[in-house]
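Structural overview
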Protein chains: 2
Amino acid sequence: MQGTVEIEIINTGSELMLGFVLNTHQQWLCRQLADAGYTVARQTAVPDTGLDIQQTVREALARADLLIVTGGLGPTSDDLTRDLIAALLGRKLHTDPAILAHLGDFFAQRGRPMPAQTQVQAQIPEGALVLPNPNGTAPGLAMEVSPNPFRAGGKTSWLIMLPGPPRELRPMFTDQVLPLLRQKLPLTSAFICRTIRTTGIGESIVEEKIAAQLQPLTAAGLELGYCAHYGEVDVRLVARGANAEKLAAEGEAIIRDRLGSHIFGTQDDQLNATVVRLLTERKETLALAESCTGGFVANRITDVPGASAVFLGGMVTYSNEVKQKLLGVRPETLAQHGAVSEATAREMAEGARTRLGADYAIAITGIAGPTGGTESKPVGTVFIALATTRHTIVLNPINRYDRPTFKQITCQQALELLRRTLLKH
Amino acid sequence: MQGTVEIEIINTGSELMLGFVLNTHQQWLCRQLADAGYTVARQTAVPDTGLDIQQTVREALARADLLIVTGGLGPTSDDLTRDLIAALLGRKLHTDPAILAHLGDFFAQRGRPMPAQTQVQAQIPEGALVLPNPNGTAPGLAMEVSPNPFRAGGKTSWLIMLPGPPRELRPMFTDQVLPLLRQKLPLTSAFICRTIRTTGIGESIVEEKIAAQLQPLTAAGLELGYCAHYGEVDVRLVARGANAEKLAAEGEAIIRDRLGSHIFGTQDDQLNATVVRLLTERKETLALAESCTGGFVANRITDVPGASAVFLGGMVTYSNEVKQKLLGVRPETLAQHGAVSEATAREMAEGARTRLGADYAIAITGIAGPTGGTESKPVGTVFIALATTRHTIVLNPINRYDRPTFKQITCQQALELLRRTLLKH
């Protein structure tokens, strides 16, 4: 596309291909690039073997203005990236004295002898820029491939090699690669990426509500994406070019108008943080009584820094006996309605609220599965109660999912019930 | 390579390329395949756009015996995978009545109206096998591409499309794709991949303890890998060919001998499940009192199906007042030693144990950060107490990490303390 920078990423590592390691580089690099206005056209992961690395680098250099290769720069026998790429491009390796000195310092500072094998990391291909590594031993390398033997017309590509460990790669990318990118491959066209986060509404319904009204904007070049996960649907707006800001702003206005209070945030906002923020603003407090979610909601709330100002405490009450002891649920209620019932949920919430002296208490009781269901109360049955100073509200969704998803979705519903209640007060 | 099956994975999704979502499919699929003896040669991620998907599918079909494509099978307008692949292979789409009926049931069971757009998911390319989706709406699809127009000699490839949501993709892969793969693309050469999971010991110590003794086996072709994450170190053994079984078994025997009780499991075993199993075998019960981990431990325990048989309940006691009310911690203890102290941890654990009538109770109090540290009790200070019928043990690690890592590591230490105590009884 005219005016855009074609970027590809290659992640090397047999541990990736065996599924022992999660490839966090892809998300992190893509996100940093998107935030800086660049998008990644393709990402590839290959094993450490020579043939695979050379072949994918060759293919990517035929397409990309910028190719970022991660991993394989370390000192061990399976670290081959530097050598393979130098060979592919016909560049000799030479020892860089500054890197050699850095390696010596690195080990001296840690009071450890420098293994001889470490010195291979001071080898750099001719013409490469060294990206110093203050957090490790292997430096990054940046090479201008010009003329590019693999690309139509010999068009120049930049090839950047970064070390595998995230705590080395990340600062190197932010401090050295992004400035280089802005200088060597500046954006000639604006790019805006905005995410609007919704909950309590399904993916198809979200699209039904907004797609028709957004049609003139999508026809004018606004790209629309949907991403559903655990009771949330993200709507993503991407716009490019001179009109990008206007298109994105108009799109967001329509979405806000159509989806209203289903929207709980933008970009990386999380529902748990939204709820903690609303409670903090109102100087109100929360208590929890969880049965089937088993502490999941408490954990999500306490994931938010500063939660201690609003979250008084929670109880995970799996057994009937503990429901009675900790929450004061009456034995008659349990006998008459069962542990998974509206009446029990209500007493759990009211018990938690009064016993801990909170403004709000959420109680959750249900059947997570895989076993424990009955005909009248199948697996997935949940009662979510919210007790306030004024009343107690009870929801009764059927969340028929595997156990971890059940917890996620149920938690989401509980937090959303609290969010909506807080917005009304 | 002769006798091997060439496998590639393509993950589609603009949200991947913009860095909004972590690509967990790659690791999960690669791991499942490796455990079944198959290895993945290449993984590629591309945006949802038509050109990119068709181009990468075309390239992969030129190389792979099996191509797995994830994502883009849903109901919204950016779900294009099914249509694009059908078009690329020149196959017409037709509506499958069984899928249509499943879609109707899916919404009926959840008491929601079926949006019209949902029906596109019942469209399948001619000749495709349908992989039913009991956990969602979009079915998977398996196609034998024969003759394969993109591959030398028209050699057959299998192309499998899986829905994006992990809770749909995973059971579909395990229950339907793996059996199909074993039938259609059987292995002709042995491949063994075995993971031995340890805890309570650092990565370099693990290597020091085992590497020298394993040297003859690695010289004979056994591949050894280490992977450290959240207080655990995995040792990975990979062996190929006729001798694979023998090499792996001998390697495992040496590792078991050298690492002893640091080993808590193999393959995908989890420490939480190990602890629940040990408690279940002993018919003993557990209670929890968490402050700084905020329900994380309770959540991990209740992630294990069947945990309700051994886990009586837990309390998340953030404030001093709630520590007194729910656990009976004495005000004098809090005043004299503070909430983060050995004495408080001890009273929390003993209070939880006696109040809930459990055989064991774990209590955790500490400073997760990022704020709240003092000179004598810096951020990361934790007291982990385990109360049993005989005594109370208290650990005092310093876990100086970001908040989520702090919770993970502290939980791991608490579960490991319980595991070691259970093994001694």
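Before going into details, it helps to say that this report is about the structure given with it. Just so you know, these numbers come straight off a predicted model, no measurement behind them.

**Here we look at the overall build of chain A**
A tally of regular secondary structure across chain A gives 14 helices and 17 strands. A globule of 425 residues ought to have a C-alpha radius of gyration of about 22 Å, yet chain A, at 28 Å, is considerably larger. Here the contacts in chain A between residues at least 6 apart in sequence split such that 66% fall between residues at least 24 apart.

**A look at the pairing of strand β14 (residues 311–317) of chain B**
By the criterion of burial, β14(B) is predominantly enclosed, with 7 of the 7 residues buried. Pairing of strand β14 (residues 311–317) of chain A with β14(B), which is carried by 5 bridges, proceeds in the antiparallel orientation. Across the sheet, A:V316 pairs through a bridge with B:G314, a residue of β14(B). Examined bridge by bridge, strand β13 (residues 286–290) of chain B and β14(B) share 5 bridges and lie parallel to one another.

**Side note on the nonpolar core**
A general tendency of soluble globular proteins is for nonpolar side chains to be buried together. Of all hydrophobic cores here, the largest spans 126 residues; its most connected members are A:V57, A:L67, A:L159, B:L67 and B:L159. Leaving out residues up to four positions away in the same chain, B:L67 has contacts with B:E8, B:I10, B:V57, B:A60, B:L61, B:S157 and B:L159. Judged by nonpolar contacts, the second largest core, of 107 residues, contains A:C411, B:L326, B:A361 and B:L415.

**Some details on the interface of chain B and chain A**
In many analyses, interface size is given as the accessible surface area lost on bringing the parts together. On the side of chain A, 62 residues touch chain B, which itself brings 61 residues to the contact. Here the residues of the side of chain B that touches chain A sort into 28 nonpolar, 24 polar and 9 charged. In terms of strand pairing, strand β2 (residues 40–46) of chain A meets strand β2 (residues 40–46) of chain B through 3 bridges, oriented antiparallel. Across the sheet, residue A:A45 finds its bridge partner in β2(B), namely B:Q43.

**Here we look at the sheet that holds strand β11 (residues 232–240) of chain A**
One key point about sheets: their strands pair by backbone hydrogen bonds, in either a parallel or an antiparallel sense. Residues and elements named next belong to chain A. Across the sheet, which stays open at both edges, the 4 strands sit in the order β10-β11-β9-β12 with antiparallel pairing between neighbours. Sheet topology places β10 (223–229) and β12 (263–266) at the edges, where each strand pairs with a single neighbour. Adjacent strand axes in the sheet meet at a mean angle of 20° when their direction is disregarded. Bridge count for strand β9 (residues 191–199) against β11 is 9 bridges, and the pairing is antiparallel. Within the sheet, the bridge partner assigned to C193 lies in β11 and is V238. Set on the sheet, helix α8 (residues 244–259) makes contact with β9, β11 and β12; between it and β9 the angle comes to about 10°.

**Here's the deal with the sheet that holds strand β11 (residues 232–240) of chain B**
All names here are of chain B. The sheet built from 4 strands is open, its strands ordered β10-β11-β9-β12 with antiparallel pairing. The two strands at the open ends of the sheet, each matched to only one other strand, are β10 (223–229) and β12 (263–266). The sheet shows a mean angle of 20° between the axes of neighbouring strands, direction not considered. Across the face of the sheet, helix α8 (residues 244–259) comes into contact with β9 (191–199), β11 and β12 while running at roughly 10° to β9.

**Some details on the pairing of strand β16 (residues 382–387) of chain A**
All names here are of chain A. Taken across its 6 residues, β16 has 6 buried, putting it largely inside the fold. On β16, burial covers both faces: V382, I384 and L386 on one face and F383, A385 and A387 on the other are all buried. Bridge analysis of strand β15 (residues 360–366) against β16 gives 6 bridges, and the strand direction is antiparallel. Counterpart to I362 in the pairing with β16 is L386. If you look at the hairpin formed by β16 and strand β17 (residues 392–395), you'll find 4 residues sitting between the two strands.

**What to know about helix α9 (residues 271–282) of chain B**
Residues and elements named next belong to chain B. Between its first and last C-alpha atoms α9 spans 17 Å; for 12 residues at 1.5 Å apiece the expected length is 16 Å, and the two agree. Every buried residue belonging to α9 is among L271, N272, T274, V275, V276 and L279, and all of these are buried. Buried residues along α9 sit in contact with β9, β12, β13, α10 (296–302) and α14 (403–424). Positive backbone phi, approximately 55°, marks K283, located one or two places after α9.

Each value, and the rule that gives it
- Residues numbered from 1 in each chain as written.
- Chains lettered and ligands numbered in written order.
- Predicted model: local features only at pLDDT ≥ 70, side-chain atom pairs only at ≥ 80, totals over all residues.
- Helix = DSSP H or I, 4+ residues; strand = E, 2+ residues; numbered from the N terminus.
- Rg over C-alpha atoms; globule rule 2.2 N^0.38 Å.
- Contact = placed C-beta atoms within 7 Å.
- Buried ≥ 20, exposed ≤ 12 C-beta atoms within 10 Å, placed from the backbone.
- Pairing = 2+ DSSP bridges.
- Core = buried A, V, L, I, M, F, W, Y, C linked by C-beta atoms within 7 Å.
- Nonpolar A, V, L, I, M, F, W, Y, C, P; charged D, E, K, R; others polar.
- Axes fitted to C-alpha atoms, helices over the stretch in contact; angles between N-to-C directions.
- Expected span 1.5 Å × (residues − 1).

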